[in-house]
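Understanding the architecture of this molecule
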Amino acid sequence: MEQWIQLTIDGITLGGVYACIALGYTLVYGVLRMINFAHGELFMMGAFAGVYTLQGFQDHTSLNEDLPSLTITAAIFMGIVVAVVLAVLMERIAYRPLRHAPRLAPLISAIGVSIFLRNVMLRYTNARREVYPDVFPDGSIEIGDVSVSYIKLFLIGMSILFMVGLYLFIQRTKTGTAIRAVAEDRDTAALMGIDVDRTIVLTFVAGAALAGATGVCYGMYVGNAAAGMGFIPGIKAFTAAVLGGIGSVPGAMLGGYFLGLSEAYTTKLFGAQYKDVVAFVLLVAVLIFRPWGFLGKREDRRA
Amino acid sequence: MAPILSVRDVSRRFQGLTALNGVSLDVEESSIVGVIGPNGAGKTTLFNLLTGFYKPTSGEIWFRGSRVDGLPLHRIAAAGISRTFQNIRLFSNMTAIENVLVGQHLHLQTNIATAVLGLPATTNAEQHAVEVAVAHLRFAGLGGRENELARNLAYGEQRRLEIARAIALRPKLILLDEPTAGMNPGESDAMIGLIRRLRDELGVTVILIEHQMRVVMGVCEYITVLDHGEVIAMGTPTEVQNDQRVIEAYLGTGHLKSGAAE
Amino acid sequence: MRMESKKAWYRWPLMAVAVTGLALFAAACSDDDDGDDGGDETPAATSAATSGATQPAGGGETITISAGESIKIGISTTLTTDAAELGIPIRDAALLALSERPDIEGFSIENVIADDLCSGPGSEAAAQQLIAAEVVAVIGPMCSGGAVAALDDYGAENIVVITTSATNTSVTAQGATNLARTAWNDDVQGEEMAKFVYNELNLTNVVLVDDQSTYGKGLMDVFETSFTELGGTVASREVVTVGEQDYSAVVTTITGESPEMVVFGGYIAEGAALVRQLGDAGYEGAFMGADGIADQDFIDQAGEAAEGAYVSRGPQALETNFDEFIAKYIAEYGEDAGTQFTDFTYDGVNVLLNAIEQVATVNSDGDLEINQDDLIAAVKGITLENGATGTVEFLDNGDRDLAVGAINRVDQVTGGVLVELN
Ligand SMILES: Nc1ncnc2c1ncn2[C@@H]1O[C@H](COP(=O)(O)OP(=O)(O)O)[C@@H](O)[C@H]1O
Ligand SMILES: [Mg+2]
């Protein structure tokens, strides 16, 4: 029994990461009907920004020991900044010029951006992993036989915090409402005085901020940043977004946790070699029986 | 007094088809103007040009002293033109009040950080915005329907929600594309009342496209008649009704004389 | 106005991707099944390789290099993906050895580097690239899965291949005649690891984890067989997925078995993440990995949890010139990459260059001639004295002859560095 609780925690940890990344896919899909395949790379770039920030503190100050909360906050902040700047650039350079091109074009452009960013970091790091300084306090909370390390709690907590923040942003702010309006009907939103281009950029910014921040927290958790680290989480998060219903914010969150838990349980039941198979089977099943996902909406018929 | 809107020799072609051909039209501030004409005459195209959906192939559109053709949609909206649609285009997955809040976009001031953190500054501004939105809904006769999803509203309510959303922009000119389409006479009368109040209470200039002659004759002060993309008549309802070309254009359609709903 | 499609347009492409993924998985599974005793594969592989080798009938083809052109040496290693942590030092060591011998018979030596992605398809693509570049011989591929996949491609062209790091049994079990390997055979290593754990450490209950690669899985297969024969128990076998980093669910499964030791077959990134997360989960048993993680990067990435980990460094000659080699390497690149295979690669290149020197002749036109069969024979028959990894000689199947004076070196992470156990 303890093991199942432990697995549930494992699933929630990873699921939270998937969910935070999935939100970026879903938001951008909402406004552009486009899959930003470079989104996983924003997560990766965030993790690098975080590791370099913490390494900088490590090399030049003693703040990592004296005031880790400050350096960790700074790292997360840098992760957000870097991811956001890159997202704005990629929207401007790689996607906006293709706004009216056939659907495949921005998709291919996105794959290109993804490969580019990955290779820039491979080059820069000489394919080595950058190791996060040990800033987070070691130790764990034990409840019976279940043990949850502080860093894991931190990751779970941060991912929830990020999601709640995003949810409030989308639901309650002017920009969030504009994003939802553009997602539903771009032209009508423009007639309401919404600057659609700007809103699309802000959508990228919101998704990127989330990915960058999550990248830093995840990097601290696994202890390193690597050029290839965004690839698999990116694919998984995309799967989560589709499972939950791409375009749906609550759907992305649900899909993320669903996938994380399914992976954890499958690992125990059948071995880790089957977890991706289970995920793919789920994906195929969802695509066949409910192509709009758990919480997604059927696309409206509209002329 | 200079007209609030001035359409100058505007044409619009789609591939081979000329949807509008050399249309000129002046609209006085605070008037209610009707645009009529048979199906395919180019009425909706005119609205699409006025709101920036399409750019004119030639000609100019002036609004409140500045040229608006060629501006992006949101800039034209900000200049003070808003509209409703022949085929209703609400944000159907949002609630009624959210639709109106989107319409208020240009007049909202919220700061991302304070909103996410729920700080008082935002809460006040937000509360104010909500109050204004509720007032707009009441104006359109949708009091009490605030939290209903737009797609769950009745057809007539959806039409009125489009108007509530349109006035949330605080426009100077509002374009109504067949606001009574599909309504029974009772609903149409209520709509006529609402249109009058737009002008009388809010001071908005109104241009409406309408098929029901009862509505057109009852509410419009001036009428422009389009046929095959050209203006064939202009004037007061009575003048237009007796215009020979108008009668010919409508011959056989029955609309003009009988005033029956489509 | 704007038309919205009624159905989600991404449905069919996604479905295709998912189904392809499943198909690939099914294929991988069936591969595993008949790959369990690599011997079964041999006949087919052999015939493919030999038919290729015999193609240039009558004494093999002779490569002619016109005066003024250079002798091209291919290097197939991993420059991208996580495995590049091992692959880039391998490239660097090869370039170091090549730089020390700028020409043979007045013909300059040129390197052609191809990224083999540490994978089968990647290594085949690299092979095609190198073949197209008309290389005389190839150092690599880096990984066992890649070597197995690409051998047929090189065999068909009768190009001699010296792998300096692909240690899986199946690499030399294919029966390819054009192959030599300066690194050892995992059969020996896996068995020695099992003996070490069972006899020296007196541990009897282990969990094996591999990264599903030919190398990692192969090594753990051998370990399992040997360990079970010795009387030990393999409580369970788990896998990790390359490219992922969160292995908590695997860790939870492992700790549920309460093993005395976790043995890992795979490379640095996955090994480090596994050790780190075992530590986070409060696992207190021992850990052992092999040459795939024998690198300072492993310790840096795993952090404190790496302390005490055992690392099998494979069967190695007692008498080596490693110190001299590593001094040169550091002089050239600034630091010791600390990886296992730089020295094996350095020796591999020198074996190759010596063999070329033996067989290359300048003809009357001033062109350099290298007979492929002669070159293969020269490589296989070589004796390289004073190598960075000791004296290099090969068995008939291409395996390194480590019969004499070899030890099975095991290191332990002590104070944050790998320290050789005696
Ligand atoms: N986007 C377009 N592309 C091509 N033809 C169009 C387009 N929009 C309108 N038209 C054509 O222009 C003409 C006028 O249409 P419209 O303005 O909708 O007429 P109505 O007066 O009935 O509102 C019609 O023939 C219509 O088919
Ligand atoms: Mg129309």
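Residues numbered from 1 in each chain as written. Chains lettered and ligands numbered in written order. Predicted model: local features only at pLDDT ≥ 70, side-chain atom pairs only at ≥ 80, totals over all residues. Heavy atoms only, no water.

Before going further, it helps to examine the sheet that holds strand E7 (residues 173–177) of chain B. Residues and elements named next belong to chain B. The strand order across the open sheet formed by 6 strands is E6-E7-E8-E3-E9-E10, and the pairing between neighbours is mixed. Either end of the sheet is taken by a strand with one partner, and the two such strands are strand E6 (81–83) and strand E10 (230–235). Here the average twist between neighbouring strands, direction ignored, is 20°. Both E6 and E7 contribute to a ladder of 3 bridges, which runs parallel. Residue pairing for E7: isoleucine 81 is matched across the bridge by leucine 173. Together, E6 and E7 form the strand contacts of helix H6 (residues 155–168), whose direction differs from that of E7 by roughly 160°. (Pairing = 2+ DSSP bridges. Helix = DSSP H or I, 4+ residues; strand = E, 2+ residues; numbered from the N terminus. Axes fitted to C-alpha atoms, helices over the stretch in contact; angles between N-to-C directions. Contact = heavy atoms within 4.5 Å.)

Another aspect to go through is the coordination of the magnesium ion (ligand 2). Residues and elements named next belong to chain B. Coordination of the magnesium ion (ligand 2) by the protein comes from Thr44 (OG1) and Gln86 (OE1), over a distance range of 2.1 to 2.3 Å. Within this pair, whereas threonine 44 is found in helix H1 (residues 43–50), its partner glutamine 86 is found in the loop between E6 and helix H3 (96–103), the two being separated by 42 residues in sequence. The class for threonine 44 is partly exposed, based on a relative accessible area of 22%. (Donors = N, O, S within 2.8 Å, 3.2 Å for Na, K, Ca; no water. Buried < 20%, exposed > 50% of the residue type's maximum accessible area, 1.4 Å probe, protein only.)

This structure, assessed with the given rule, holds 38 salt bridges over all chains. Here A:Arg118 ties to A:Glu41 by a salt bridge, and the two come within 3.2 Å at their closest N and O atoms. Residue A:Arg118 is found in helix H5 (residues 104–125), and its partner A:Glu41 is found in helix H2 (residues 39–60); the two are separated by 77 residues along the sequence. Put simply, B:Arg83 and B:Asp177 hold a salt bridge, and the shortest N to O gap is 3.8 Å. You can see B:Arg83 sitting in strand E6 and its partner B:Asp177 sitting in strand E7, a full 94 residues away along the chain. The pair formed by B:Arg83 and B:Asp177 is uniform in burial state, with each residue classed as buried. Several salt bridges share partner residues, and in doing so they unite A:Lys236, A:Glu263, A:Lys275, A:Asp276 and C:Glu244 into one network. (Salt bridge = Lys/Arg side-chain N within 4 Å of Asp/Glu carboxyl O.)

Membership of the largest hydrophobic core comes to 107 residues, with the highest contact counts inside it found for A:Ile76, A:Tyr95, A:Phe154, A:Tyr218 and A:Met220. Excluding its chain neighbours within four sequence positions, the residues that come into contact with A:Tyr95 are A:Met34, A:Asn36, A:Ala38, A:Met90, A:Pro106, A:Ser109, A:Ala110, A:Val113 and A:Phe204. Core analysis: the second largest hydrophobic core is formed by 59 residues, A:Ala272, C:Val262, C:Met288 and C:Val311 among them. (Core = buried A, V, L, I, M, F, W, Y, C linked by side-chain atoms within 4.5 Å.)

A word on the sheet that holds strand E2 (residues 71–77) of chain C. All names here are of chain C. Strand order in this open sheet of 6 strands is E3-E4-E2-E5-E6-E7, and the pairing throughout is mixed. The open sheet has two edge strands, strand E3 (103–104) and strand E7 (179–181), and neither has a second partner. With 3 bridges connecting them, strand E6 (residues 160–163) and E7 associate as parallel partners. Note that in E7 the partner of valine 161 across the bridge is leucine 179. The sheet contacts of helix H14 (residues 372–380) involve E6 and E7, and relative to E6 the element is tilted by about 25°.

Here the focus is the site of ligand 1. Residue and element names in this part refer to chain B. If you check the shell around ligand 1, you find Phe14, Leu17, Ala19, Asn39, Gly40, Ala41, Gly42, Lys43, Thr44, Thr45 and Tyr54 and nothing else. For ligand 1, an oxygen atom lies 3.2 Å from a polar atom in the backbone of alanine 41. Alone, ligand 1 offers 560 Å² of accessible surface; in the complex the protein occludes 65% of this. At the level of elements, strand E2 (17–27) and H1 are the ones that each hand at least two residues to the shell around ligand 1. Per-element tally for the shell around ligand 1: the top contributor is H1, with 3 residues. Within the shell around ligand 1, the residues separate by chemical class into 5 nonpolar, 5 polar and 1 charged. (Near = heavy atom within 4 Å. Polar contact = N/O pair within 3.5 Å; in protein donor to acceptor, adjacent residues only side chain to side chain. Areas by Shrake-Rupley, 256 points an atom, 1.4 Å probe, with all protein chains shown as cover. Nonpolar A, V, L, I, M, F, W, Y, C, P; charged D, E, K, R; others polar.)

A separate point is unusual backbone geometry. Here the bond from C:Gly140 into C:Pro141 is cis, since omega is -15°, no more than 30 degrees from zero. Mapped onto the elements, C:Pro141 comes out in the loop between strand E5 (137–139) and helix H5 (144–156). The residue A:Arg33 is not glycine, and still its phi comes out positive at about 50°. For A:Arg33, the position within the fold is in the loop between helix H1 (2–32) and H2. The class of A:Arg33 is buried, set by a relative accessible area of 18%. Although it is not a glycine, A:Ala127 adopts a positive phi angle of roughly 65°. Relative to the assigned elements, A:Ala127 resides in the loop between H5 and strand E1 (130–131). A relative accessible area of 5% means that A:Ala127 is categorised as buried.

Right, let's talk about the interface of chain C and chain A for a bit. If you look at the interface, chain C gives 49 residues, while chain A gives 61 residues. Counting across the interface, chain C meets chain A through 5 salt bridges. For A:Arg128, the salt bridge identified is with C:Asp297, shortest N-O distance 2.6 Å. Inspection of the chain C/chain A interface yields 13 residue pairs in polar contact (both at pLDDT 80 or more). Elements represented by at least two residues in the side of chain C that touches chain A include exactly helix H1 (11–35), helix H3 (84–99), strand E9 (233–239), helix H9 (248–256), helix H10 (268–280) and helix H11 (296–302) of chain C. Residue contributions to the side of chain C that touches chain A peak at 8 residues, all from H1(C). Classifying every residue of the side of chain C that touches chain A gives 20 nonpolar, 14 polar and 15 charged.

Between chain A and chain B, the residue contacts involve 25 residues of the former and 27 residues of the latter. Interface area, chain A with chain B, both sides summed: about 2600 Å², of which 61% is carbon and sulfur. Looking at the side of chain A facing chain B, the largest losses of area belong to A:Lys174, A:Leu191 and A:Met192, adding up to 29% of the total buried there. Remark: the boundary between chain A and chain B carries 2 salt bridges. Linking A:Asp185 and B:Arg89 is a salt bridge whose minimum nitrogen-to-oxygen distance equals 2.8 Å. In this assembly, chain A and chain B are joined by 8 residue pairs in polar contact (both at pLDDT 80 or more). (Buried area = accessible area lost by both parts, 1.4 Å probe.)

Attention now goes to the state of the cysteines. What the rule picks out here adds up to 1 disulfide over all chains. One disulfide bridge connects C:Cys118 with C:Cys143, the sulfur atoms lying 2.0 Å from each other. Between C:Cys118 and C:Cys143, the S-S dihedral sits near -100°, and the bridge is therefore left-handed. Here C:Cys118 is found in the loop between strand E4 (107–115) and helix H4 (120–132), whereas its partner C:Cys143 is found in the loop between E5 and H5, with 25 residues between them in sequence. Its relative accessible area of 3% is what places C:Cys143 among the buried residues. Here A:Cys20 stays unpaired: no disulfide links it, and the sulfur of A:Cys217, its closest cysteine neighbor, is 8.5 Å away. According to the relative accessible area criterion, A:Cys20 is buried, its value standing at 0%. (Disulfide = S-S within 2.5 Å.)

Where like charges cluster on the molecular surface, the negative patch consists of A:Asp134, A:Asp138, C:Glu304 and C:Glu307. If you trace the backbone, C:Glu307 turns up in the loop between H11 and strand E12 (310–317). Among the residues examined, C:Glu307 registers a relative accessible area of 43% and is labelled partly exposed. (Patch = residues over 30% accessible without salt bridge, like charges linked within 9 Å, V, L, I, M, F, W, Y side chains within 5 Å. Lys, Arg positive; Asp, Glu negative; His and termini not counted. Charge placed at Lys NZ, Arg CZ, Asp CG, Glu CD.)

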